Each structure stands twice: as C-alpha cells, then as structure tokens.
Amino acid sequence: MQRLSFLQPTQDLIMSYALDTIVGTKRVSVLAAMKENYILYGSGYSSASADQPAIFEPSPEFDQFVLKGHNFEWYADYELPITGKQVGKRQVMLEDENNRTILALRFQDPSLLVNAEALVLLVFTSGTDAMLGMTRNPKPLSAREKRMLGQMAWNSCTTMIKNVRADRDLYSVLLSQRDSQSNNMKLLQTELAQKENMWIRSVESHAQYIASKIGEREHMRIMFTQAALESLKKFEGDLNDVEQSIERSVQVSINLAFEMPDELLLDKHDLILQKAGIAERSEERFRKNAPVVVGRLSKTQAILDRYEEAARRAKLSSQRVIGKIIGSHCDPPISNAAISDSLKNHADRIVELFNKYPERWRIIRTEFRSVMNIEERNDRDSMVS
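Residues numbered from 1 in each chain as written. Predicted model: local features only at pLDDT ≥ 70, side-chain atom pairs only at ≥ 80, totals over all residues. Heavy atoms only, no water.

## A look at the overall build of the chain
When you go through the chain residue by residue, the secondary structure sums to 15 helices and eight strands. A burial count over the chain gives 42% of its 385 residues as buried. Across the chain, contacts joining residues at least 24 apart in sequence account for 66% of those joining residues at least 6 apart. On the chain, roughly 22100 Å² of surface is accessible, and the fraction owed to carbon and sulfur atoms is 51%. (Helix = DSSP H or I, 4+ residues; strand = E, 2+ residues; numbered from the N terminus. Buried < 20%, exposed > 50% of the residue type's maximum accessible area, 1.4 Å probe, protein only. Contact = heavy atoms within 4.5 Å. Areas by Shrake-Rupley, 256 points an atom, 1.4 Å probe, with all protein chains shown as cover.)

Encoded structure:
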C-alpha cells in the first residue's frame, strides 16, 4: 500500500534519492545498524529494493565500518565487510585507488533516522570522470575529484534526511491535533466563556485583518462563518495566538484540497485554536534574546535574521523556502535578485557568523539553497586548501 514518502524508513528514501540525484550511480545499497544486528538492503542491480535484506551479526569489522568512519569514503569491493573478501594489511598499490569506485556515505545521528540507529549508503559507481560529465575517453577519478563528489553527495543526502525529519515532526503534530481536536474544542469553549466579553470587541476585527493579509499573500479570499467567529471570540490565547491559529487553520484547509482554492470559508470545525506551547515560546524568546552582533558583522546579522524570519513564515504557510517566496514574506517585500546580491556581497561575513553561532538561522542554513551554497562552497574551498 502506498505511503507518504516521509513516513517510509530512511533506508528506502535515501536509496531512491541517491539513484535519482548522484550522477553515474549503477546501484545502491544501505547497511543499517539495528539494535541487535546489521541489515543490508537493496543489494540488487534491478532496483533499490529488489532483493531480500541480508542480516549480519555484529562484529568489530561492522562496528568500525558503520559507526566509526568519516562522513564519506571510497572503497573497493574487496574492502567492504559485506563481501567477505577483505584482505589483510598490505602495501597500497595504484590499482587499489582505481578500484575504489564504491562511495560510502555515513549517517550516524539516530534522531534524524527512521528504523535505524546508524546507516551507510553504498553507491556503486563507474569511478570515472564520466560522473563529472566527461564522456570521451573516461579516466579514473582523481583523489581530489572523489573528495569533491563525496562531500557534495553527503551534503545533499543529509539535507534530504533533515527535511524529511521536519516533515515527519509536522505531520505528527497534525495527527495529534486531528485526534484531539473535538474534545479540546469543547473544553476550550467552556473555559473561554468567562472571558467572552473581553474578546468580543477586538477578536473579530483582528481575525478579519489577519485573514485579509494571508489572503493577499496566498492570492485567495478567506472568510469565516459566524460560528467560526464565535469560536475565535471565545479563544483564551493572546492576539499572537489568534494569528498563529488562523495561519495553521488556513494551512491545514489548503492542504486538504487537491487544488489551490480561490476562496476559503473557514467554519467552526476548520479552526485549529492553539496557544503557543512551552517549546514555541522558548524558540520565540531565543529569537528575541539572541546575542546582538556589533561592529562590522551587524549588518550581515540583520540580513540573516530577516531572511530567517521570512523563511519561518513561509514554512508556517506550507510554502517552499526559495528566494521568491522569502522575498514576498520580507517587510517590505524584496526581489529574488536583491536577495541573491545581498548574500553574494556578504558571503564571507555570513560564513564567519555561521561559524561563530552554529545554532542560529537553522531554516535558511538547511533549506534555503542560496544560503546552503555559501556554506558548501566554503567547505569545498577548505577541503582543497
């Protein structure tokens, strides 16, 4: 039975992703570390999941290969523990390096993986510069070319895994909300009845204003039934919670339709009224209380903060984190070209800030390609130097 892609085990997703994105891939396999053993998936040539998984008992060789290596390495067939062909230590010959055509990509953060504690993606390639688009007289890849291809493949797969994990987390929230919405709404209406008079004058006009702003952004007309407005008036959260609730309600309603509607009528049962939780308020406090950079990096920090906030708004409304969308969420809006110019002009200082504050600007660092390219270029330059 077909399943949503982000609900599938990480090994299935990453094999399909590698086949589609890594040029010159002949076949792929995944060696996954489970609680009690190692399991090899997708060892056949016909597709990523053609063969039955093979199970291996734990051993020092498997532990070393899966859990203790670098992010990426190149191997020959006889150097893999799964083949049973491993040879003892001997002098490395030139042909050994030419025989290393299997790219091993390691992913060892269990919080990002599904159905595995760690895994190694094995990408079987030609090992020639045909992977770089050189089709006449292919030659073996140099060590430098292998490092470049390995780093690019690992970065791309890591970004995919993080995005899938984020989708799973959001979907978990939606499922939980769906299951508990009916009971929560009844309880909420009872509790909010005492404060209805405080809200009746302001909530309706505020909700209409928020709906008009969202509608302007999404190019649609958003309206409320009287029952929906009555529910909003009884909501106990503050005005920021009202805004976030309407954003979330519109997001869910849009995603329940096959096509983007021109008009959206929100009824009482369509509303997802939710006060910000401890984690959300902590994140908001972190953004407000984050250290202020002074001196020559202050302007660069302001740019990153602006794009991060715009990206957060885009994700909240289920939009892609791309330049055009980010620009539309800036206040005032700016063009994609203006964003590209600012990132290019501040590239060196952006890298400096990222190194200084690794926990900040998480969305644009992992989902906004223009920013990710800056980090990737820096990583490549560092590797070359």
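## Remarks on the packing of helix α6 (residues 203-218) against helix α7 (residues 226-233)
For the pair α6 and α7, interaxial distance at closest approach is 9 Å and the crossing angle is 115°. Between α6 and α7 lies a crossing whose hand is right-handed. Here Val203, Glu204, Ala207 and Gln208 of α6 lie close against α7, whose contacting residues are Leu229, Leu232 and Lys233. (Axes fitted to C-alpha atoms, helices over the stretch in contact; angles between N-to-C directions. Left-handed = near helix turned anticlockwise from the far one by under 90°.)

## Here we look at the packing of aromatic side chains
By convention here, two paired aromatic rings are described through the distance between centres and the angle between planes. Per the stated rule, a full pass over the model turns up six aromatic pairs. Measuring from centroid to centroid gives 5.0 Å for phenylalanine 56 and phenylalanine 62, while their planes differ by 35°, and the two rings are tilted. Here phenylalanine 56 and phenylalanine 62 have matching classes, each one buried. Between tyrosine 357 and tryptophan 361, the ring centres sit 6.3 Å apart and the planes meet at 85°, which makes this aromatic pair edge-to-face. Each member of the pair, tyrosine 357 as well as tryptophan 361, carries the same accessibility label: buried. One aromatic cluster is present, built from ring pairs that chain together Tyr38, Phe56 and Phe62. (Phe/Tyr/Trp six-rings, centres within 6.5 Å; stacked < 30°, edge-to-face > 60°.)

## Details of unusual backbone geometry
The omega torsion across aspartate 331 and proline 332 is 0°, close enough to zero to call that bond cis. Mapping proline 332 onto the fold places it in the loop between α11 (323-329) and α12 (336-345). Although it is not a glycine, histidine 219 adopts a positive phi angle of roughly 60°. Mapped onto the secondary structure, histidine 219 falls in the loop between α6 and β7 (221-224). Among the residues examined, histidine 219 registers a relative accessible area of 69% and is labelled exposed.

## Some remarks on the pairing of strand β6 (residues 118-125)
Counting buried positions along β6 gives eight out of eight residues, so the element sits mostly inside the fold. Because side chains alternate across β6, one face comprises the buried residues Ala118, Val120, Leu122 and Phe124, and the other comprises Leu119, Leu121, Val123 and Thr125, equally buried. With eight bridges joining them, strand β1 (residues 25-33) and β6 adopt antiparallel strand pairing. Residue pairing in the sheet places leucine 31 in a bridge with valine 120 of β6. Where strand β5 (residues 102-107) lies against β6, six bridges are found, and the strand directions are antiparallel. Opposite phenylalanine 107, over in β6, you have leucine 119 as the bridge partner. (Pairing = 2+ DSSP bridges.)

## Points about the confidence of the model for the chain
Mean pLDDT over the chain works out to 83, with 85% of the residues at or above the 70 mark. For the chain, helix α9 (residues 278-289) is the element with the lowest average pLDDT, namely 52, and β5 is the one with the highest, namely 96. Low pLDDT, under 50, characterises residues 45-49; the stretch is placed with six contacts to residues that sit more than four places away or in other chains. (pLDDT = per-residue confidence, 0-100.)

## As for the packing of helix α8 (residues 239-255) against helix α10 (residues 298-316)
α10 packs onto α8 with a crossing angle of 50° between their chain directions and a minimal axis gap of 9 Å. Taken together, the axes of α8 and α10 lie oblique to each other. Along its contact with α8, which presents Gln244, Glu247 and Gln251, the element α10 presents Arg312, Lys315 and Leu316. Counted by class, the contact of α8 with α10 contains one nonpolar, two polar and three charged residues. (Parallel < 35°, antiparallel > 145°, perpendicular 65-115°, else oblique. Nonpolar A, V, L, I, M, F, W, Y, C, P; charged D, E, K, R; others polar.)

## Re the nonpolar core
Grouped together as the largest cluster of nonpolar side chains are 31 residues, with contacts concentrated most on Ile14, Leu105, Phe107 and Leu121. Every element with two or more residues in this core is listed here: α1 (10-21), β1, β2 (38-41), β4 (72-75), β5, β6 and α4 (143-192). At seven residues, α4 tops the list of elements feeding residues into this core. With sequence-adjacent residues up to four places away left out, leucine 121 is seen in contact with Ile14, Met15, Ala18, Val28, Ser29, Val30, Leu103, Ala104, Leu105, Phe107 and Cys157. (Core = buried A, V, L, I, M, F, W, Y, C linked by side-chain atoms within 4.5 Å.)

## Concerning the sheet that holds strand β3 (residues 54-56)
Judged by pairing direction, the sheet is antiparallel, and its six strands sit side by side in the order β3-β2-β1-β6-β5-β4 without closing on themselves. Here the strands that pair on one side only, and so sit at the sheet edges, are β3 and β4. Adjacent strand axes in the sheet meet at a mean angle of 20° when their direction is disregarded. As defined by bridge partners, β1 adjoins β2 across four bridges and the pair is classed as antiparallel. The residue of β2 that forms the bridge with alanine 32 is isoleucine 39.

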